[in-house]
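Listed below are the residues making up each chain.
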Protein chains: 2
Amino acid sequence: MTTRFYNAKILNGDMTVADGELCVRGGVIECVCGACENGGDYEKEIDCKGGLLIPGFKNAHAHSAMTFLRSRADDLPLHEWLNEQVFPQEAKLTAEHIYWFTKLAILEYVSGGITAAFDMYFEPEAVASAARETGFKITMCGAVNDFGTTPAKLRDYYEKYNGYDELVAYKLGFHAEYTNSVGNMRAVAEMSRGYKAPVYTHMCETKAETDGCIERHGKTPPALFEELGLWEHGGGAFHCVHVNDDDVGIMARNRIWAVSNPCSNLKLASGVAPLTKMAAAGINIALGTDGAASNNALSMFREMYSAVTLQKYLTNDAAACPAYNALNWAFSGGASAMGLEGCDCLAAGKKADIVMLDLNRPAMLPHNNIVKNIVYSGDASAVKMTMVNGKILYYDGEFFTGDKAETIIEKTRDLMKDFD
Amino acid sequence: MTTRFYNAKILNGDMTVADGELCVRGGVIECVCGACENGGDYEKEIDCKGGLLIPGFKNAHAHSAMTFLRSRADDLPLHEWLNEQVFPQEAKLTAEHIYWFTKLAILEYVSGGITAAFDMYFEPEAVASAARETGFKITMCGAVNDFGTTPAKLRDYYEKYNGYDELVAYKLGFHAEYTNSVGNMRAVAEMSRGYKAPVYTHMCETKAETDGCIERHGKTPPALFEELGLWEHGGGAFHCVHVNDDDVGIMARNRIWAVSNPCSNLKLASGVAPLTKMAAAGINIALGTDGAASNNALSMFREMYSAVTLQKYLTNDAAACPAYNALNWAFSGGASAMGLEGCDCLAAGKKADIVMLDLNRPAMLPHNNIVKNIVYSGDASAVKMTMVNGKILYYDGEFFTGDKAETIIEKTRDLMKDFD
């Protein structure tokens, strides 16, 4: 499949905007130019009418199938939410549920300009199938814990789902310190050494979790993970709200990605991650939505807005954390954090994971600064098109995601009966 | 004009959702029922296909025409933003600019489910015309200050724009304590006594402003306003971020509306208003977007989400400030704060200010709790239709606001050249 976008504005890697054309051949961007020499030679020619082409957002931390719990258990204290609602409902989940509720999340992703998600959940076959069949990119993250996924299973998944499909990948990971024995964590570290692969986990999401780790192990989670050898090949940590200065130093010297989930952290009253401080220490940052049970939207627009404005609030400085940060975190940051290659910007040879924004939506006007409009006043209503790997999955309210959207909606509605 | 909405879900005043029909005659809701007896007798019959009818959101604090400064001066320290960007640019504004940039804001309002705005800006004739011609409801708020609008002008405006058009109203107000002499404030208080009318103003938005007032007057703004007799007939205060316990008591006993602008306060690093504490003290709360120069979106969805999640964060309690609060604040709170009658809920005899949400947008699924979906995962992409005073102003991406949207967009694009 070949596609030519013309009459476009194009967001460059340096966050400048140029008028021009962008052409796609297969899953790859063939050229970004003023006017394509091969114009007319493409199967699909799309008049962007001044619409802005941007790289797709990467949702660098998600539990996609948790759409089934959206608005099911809100406004509760964190532990009641987790222990009395989330865990008992999750215990009822089958692979079929996860397959369809992941597809529901993918509808939200692509209609919101997200082209890839870093997904931590159960039943990897269901998640991988949902991604492959819809044409969406999913990197799965291992979730070793004392009650379910064992290190042995992690190895199986790692072997199986890397090489499974070009849209699917799998990273080593464990759920969190507080859900794992030291033995488990040592086993994951061992695997990391064997594969020379990075390790990902939830970390310092709540104060209670961080205090608990100090009580159990005499040190903070970052200090523990470093000591256990989990980070010898880098990795990433989801949330990173309750990290102290030493922790920041440990993360920086181990090249650990901080994947922040500002909206989830706010709604669960967990706190605000010190992104400004982490960035200043040289830590790379990415953004994620977390699951719909806690957030509840799977919107990278809202994460970007919240990420930067909460830093302004936290540092008491309106000039702190400018809008460009959020876009870098959501584009190239997310791509690198989840190990996607060639997905960081729009340029020849990069992957064709592309979103078109309608710059004539009222919230995107006037065009004083288009880039800031995306971060400060953008939302899914500005998303005109989403293309993943050269294939259009969403255009003007319509989905091209294998199953019809109506089918996914109906199926998930039926399946919700299992959770009454 | 008569309109019948059928196959609808309808949000009741008590936040329950019912299946049924809603019929509109002129600017008024004729009936809300299971199935209308007069079915077939309406000029327009709209199959809602399960869409949800809700009251329109009321944006209870806005500077609508500031759309011209969107993304023009972000990521700056507050005082640099105000003194080096906002004020010099505003000095160039003519009535024509304000007329068109207010219309641009109205496009954003109606496409985001907002049916009325409480607008504080210059050139009331331009603002009133923009509202009347587009069919949008605007209550203007006086902005007496030492450099422009005098108390005498306030009286003229108050007399002229109450009774000007059924869509337009005018409230007594002054810009803020720090921009007014005591003489001005006394004059406004005198007018309030004469008209037995409430008074509105910016208050305690920043710590510097609040500290400055104490330095200048030996007391906080609420204490000063009470002493000056400004609140003898009630009123409202915009922002209310830096209020202490005594201030909260003063506001409560004077029946002062706290109009909160959480997104603007966050982005300008002003802080988070203690809404939970104010509500517990019996203060009524409404929400507003503030202007696009500071926010930058004019989205009540984002204000609602931010209002409640920031309270959870502020109080360190995920159970604090449940979603229902935000809807009450955005519907009936806003209506009462700006003095709109019959705009608080959907019921026979109430004004036909109605929004239809598409409940099949991915972020609105599944339907575990539709009301929480609105607050926690809603955005403008879920808005299918907006009706003001019985007239549809927005439907499925199209605007019916007098001038074509294209005309407003083009005109504002041209006018931006005056600010280069």
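On to the overall build of chain A. When helices and strands are counted, chain A shows 14 helices and 17 strands. At 21 Å, chain A has a C-alpha radius of gyration in line with the 22 Å of a compact globule built from 420 residues. With respect to the principal axes defined by its C-alpha atoms, chain A has extents near 65 × 50 × 45 Å. With 420 residues in all, chain A has 65% of them scored as buried. A total of about 13800 Å² of accessible surface is found on chain A, and carbon and sulfur atoms cover 47% of it.

Residues and elements named next belong to chain A. With parallel pairing, eight strands are arranged side by side in an open sheet as S6-S7-S8-S9-S10-S11-S12-S13. Pairing within the sheet leaves two strands with one partner each, and these edge strands are strand S6 (57-62) and strand S13 (285-287). Ignoring which end each strand starts from, the neighbouring axes of this sheet average 25° apart. Pairing analysis gives three bridges linking strand S9 (residues 168-174) to strand S10 (residues 199-203), with the strands arranged parallel. Within S10, the residue paired with Phe174 across the bridge is Thr201.

This part covers the state of the cysteines. Residue and element names in this part refer to chain B. A complete count under the given rule lists zero disulfides over all chains for this structure. The structure places no disulfide on Cys33, whose sulfur is separated from the nearest cysteine sulfur, that of Cys31, by 4.0 Å. Looking at the unpaired Cys141, the closest cysteine sulfur is the one in Cys240, lying at 13 Å.

Here the focus is the relation of the copies chain B and chain A. With an RMSD of 0.0 Å, the fit of chain B onto chain A corresponds to turning through 180° and sliding 0.0 Å along the axis. Here the two chains are linked by the operation of a two-fold rotation axis. It is Ser381 of chain B whose C-alpha, among those of chain B, lies nearest the rotation axis, at 2.1 Å. Mapped onto chain A, 100% of the interface residues of chain B again fall at the interface, so both copies present the same surface.

Our next topic: unusual backbone geometry. Negative phi values dominate among residues other than glycine, just as trans dominates among peptide bonds. Residue and element names in this part refer to chain A. Going from Asn295 to Asn296, the amide bond is cis rather than trans, its omega being 5°. Within the secondary structure layout, Asn296 lies in the loop between S13 and helix H11 (300-315). Going from Leu365 to Pro366, the amide bond is cis rather than trans, its omega being -10°. Secondary-structure assignment places Pro366 in the loop between strand S14 (354-357) and helix H13 (370-377). Not every positive phi belongs to a glycine, and Lys196 is a case in point at roughly 50°. Residue placement: Lys196 occurs in the loop between helix H5 (182-195) and S10. A relative accessible area of 63% means that Lys196 is categorised as exposed.

A word on the packing of helix H3 (residues 124-134) of chain B against helix H4 (residues 151-161) of chain B. Residues and elements named next belong to chain B. Axis separation between H3 and H4 bottoms out at 11 Å; the angle between their running directions is 20°. Taken together, the axis directions place H3 and H4 in an arrangement best described as roughly parallel. The way H3 lies across H4 gives a crossing that is right-handed. Of H4, the residues touching H3 (which contributes Pro124, Glu125 and Ala128) are Tyr157, Lys160 and Tyr161.

All names here are of chain A. Taken residue by residue, helix H4 (residues 151-161) has Pro151, Leu154, Tyr157, Tyr158 and Tyr161 as its buried positions. Looking down the long axis of H4, one finds its buried residues gathered within 110° of arc, a one-sided arrangement. Away from its buried face by more than 90 degrees, H4 exposes Ala152, Asp156 and Glu159. Following H4 by one or two positions, Gly163 adopts a phi angle in the positive range, close to 100°.

All names here are of chain A. When you tally the buried positions in strand S1 (residues 2-11), you get seven out of ten residues, the bulk of the element. Pairing of S1 with strand S2 (residues 17-25) involves eight bridges; the strand directions are antiparallel. Residue pairing in the sheet places Ala8 in a bridge with Gly20 of S2. Between S1 and the antiparallel strand that follows it, S2, lie five residues; Met15 among them carries a positive phi value of about 70°.

The next point concerns the domain arrangement of chain A. Residue and element names in this part refer to chain A. For chain A, the assigned domains are domain 1 (2-56 + 343-399) and domain 2 (57-337). Distance between the C-alpha centres of domain 1 and domain 2: 28 Å. Listed per partner, the contact involves 30 residues of domain 1 and 32 residues of domain 2. When the two sides are added together, the surface that domain 1 and domain 2 hide from each other amounts to roughly 2400 Å², 71% of it contributed by carbon and sulfur. The largest per-residue losses of area from domain 1 upon contact with domain 2 belong to Met15, Val375 and Tyr376, which jointly make up 25% of the total buried on that side. Across the contact surface, domain 1 and domain 2 share one salt bridge.

This part is about the packing of H11 of chain A against H13 of chain A. Residues and elements named next belong to chain A. Between H11 and H13, the least distance of the axes is 7 Å, while the angle of their chain directions is 90°. The orientation of H11 relative to H13 falls into the category roughly perpendicular. Note on element contacts: H13 touches H11 through Ile374, Val375 and Tyr376, opposite Phe301, Met304, Tyr305, Val308, Thr309 and Lys312. When grouped by side-chain class, the residues that make up the contact of H11 with H13 number seven nonpolar, one polar and one charged.

It is possible for side chains bearing opposite charge to pair when their charged atoms get close. Per the counting criterion, the structure on display carries 46 salt bridges over all chains. Note that Glu96 of chain B and Lys411 of chain B form a salt bridge whose closest N and O atoms lie 3.5 Å from each other. Within this pair, whereas Glu96 of chain B is found in helix H2 (residues 95-111), its partner Lys411 of chain B is found in helix H14 (residues 405-415), the two being separated by 315 residues in sequence. The partly exposed category is assigned to Lys411 of chain B, whose relative accessible area is 29%. One salt bridge connects Asp344 of chain B with Lys350 of chain B, and the closest N-O pair in it is separated by 2.9 Å. Here the salt bridges do not stand alone but share partners, grouping Arg4, Glu21 and Glu45 of chain A into one network.

Turning our eyes to something else, we now look at the packing of aromatic side chains. As enumerated under the stated definition, the model contains 39 aromatic pairs over all chains in all. A network of ring pairs unites the aromatic residues Tyr157, Tyr161, Tyr164 and Tyr170 of chain A as a single cluster. We note Lys267 of chain B situated over the ring of Tyr376 of chain A; from NZ or CZ to the ring centre the distance is 4.5 Å. Over the ring of Tyr305 of chain A we find Arg302 of chain B, and its NZ or CZ is 3.3 Å from the ring centre.

It is worth spelling out the sheet that holds strand S10 (residues 199-203) of chain B at this point. Residue and element names in this part refer to chain B. In space, the eight strands of this open sheet follow the order S6-S7-S8-S9-S10-S11-S12-S13, with parallel pairing throughout. Two strands bound the open sheet, and with one partner strand each, they are strand S6 (57-62) and strand S13 (285-287). Put simply, the sheet's adjacent strands are angled 25° from each other on average, direction ignored. With four bridges connecting them, strand S8 (residues 137-141) and strand S9 (residues 168-174) associate as parallel partners. Bridge assignment links Met140 to a residue of S9, and that residue is Tyr170. Along the sheet, helix H5 (residues 182-195) makes contact with S9 and S10, crossing S9 at roughly 135°.

The next point concerns helix H8 (residues 245-253) of chain A. Residues and elements named next belong to chain A. Every buried residue of H8 is accounted for by Asp247, Val248, Ile250 and Met251. The buried residues of H8 occupy an angular sector of 160° when projected down its axis, which confines them to one face. Of the residues in H8, the exposed ones pointing more than 90 degrees away from the buried face are Asp245, Asp246 and Arg253. For H8, the N-terminal cap is Asn244; the gap from its side-chain oxygen to the backbone nitrogen of Asp246 is 2.9 Å.

Turning to the pairing of strand S11 (residues 235-239) of chain A, a few remarks are in order. Residues and elements named next belong to chain A. Here S11 lies mainly inside the structure; five of its five residues are buried. Sheet topology places S10 next to S11; five bridges connect them, and they run parallel. Pairing of Val199 across the sheet is with Gly235, part of S11. Sheet topology places S11 next to strand S12 (residues 256-260); four bridges connect them, and they run parallel. By the bridge assignment, Ala237 is partnered in S12 with Ala258.

Calculation rules
Residues numbered from 1 in each chain as written. Chains lettered and ligands numbered in written order. Predicted model: local features only at pLDDT ≥ 70, side-chain atom pairs only at ≥ 80, totals over all residues. Heavy atoms only, no water. Helix = DSSP H or I, 4+ residues; strand = E, 2+ residues; numbered from the N terminus. Rg over C-alpha atoms; globule rule 2.2 N^0.38 Å. Buried < 20%, exposed > 50% of the residue type's maximum accessible area, 1.4 Å probe, protein only. Areas by Shrake-Rupley, 256 points an atom, 1.4 Å probe, with all protein chains shown as cover. Pairing = 2+ DSSP bridges. Axes fitted to C-alpha atoms, helices over the stretch in contact; angles between N-to-C directions. Disulfide = S-S within 2.5 Å. Least-squares fit on C-alpha atoms with pLDDT ≥ 70 in both. Contact = heavy atoms within 4.5 Å. Parallel < 35°, antiparallel > 145°, perpendicular 65-115°, else oblique. Left-handed = near helix turned anticlockwise from the far one by under 90°. Arc of directions from axis to C-beta. Domains from an automatic or database assignment. Buried area = accessible area lost by both parts, 1.4 Å probe. Salt bridge = Lys/Arg side-chain N within 4 Å of Asp/Glu carboxyl O. Nonpolar A, V, L, I, M, F, W, Y, C, P; charged D, E, K, R; others polar. Phe/Tyr/Trp six-rings, centres within 6.5 Å; stacked < 30°, edge-to-face > 60°. Lys NZ or Arg CZ within 6 Å of the ring centre and 35° of its normal. Polar contact = N/O pair within 3.5 Å; in protein donor to acceptor, adjacent residues only side chain to side chain.

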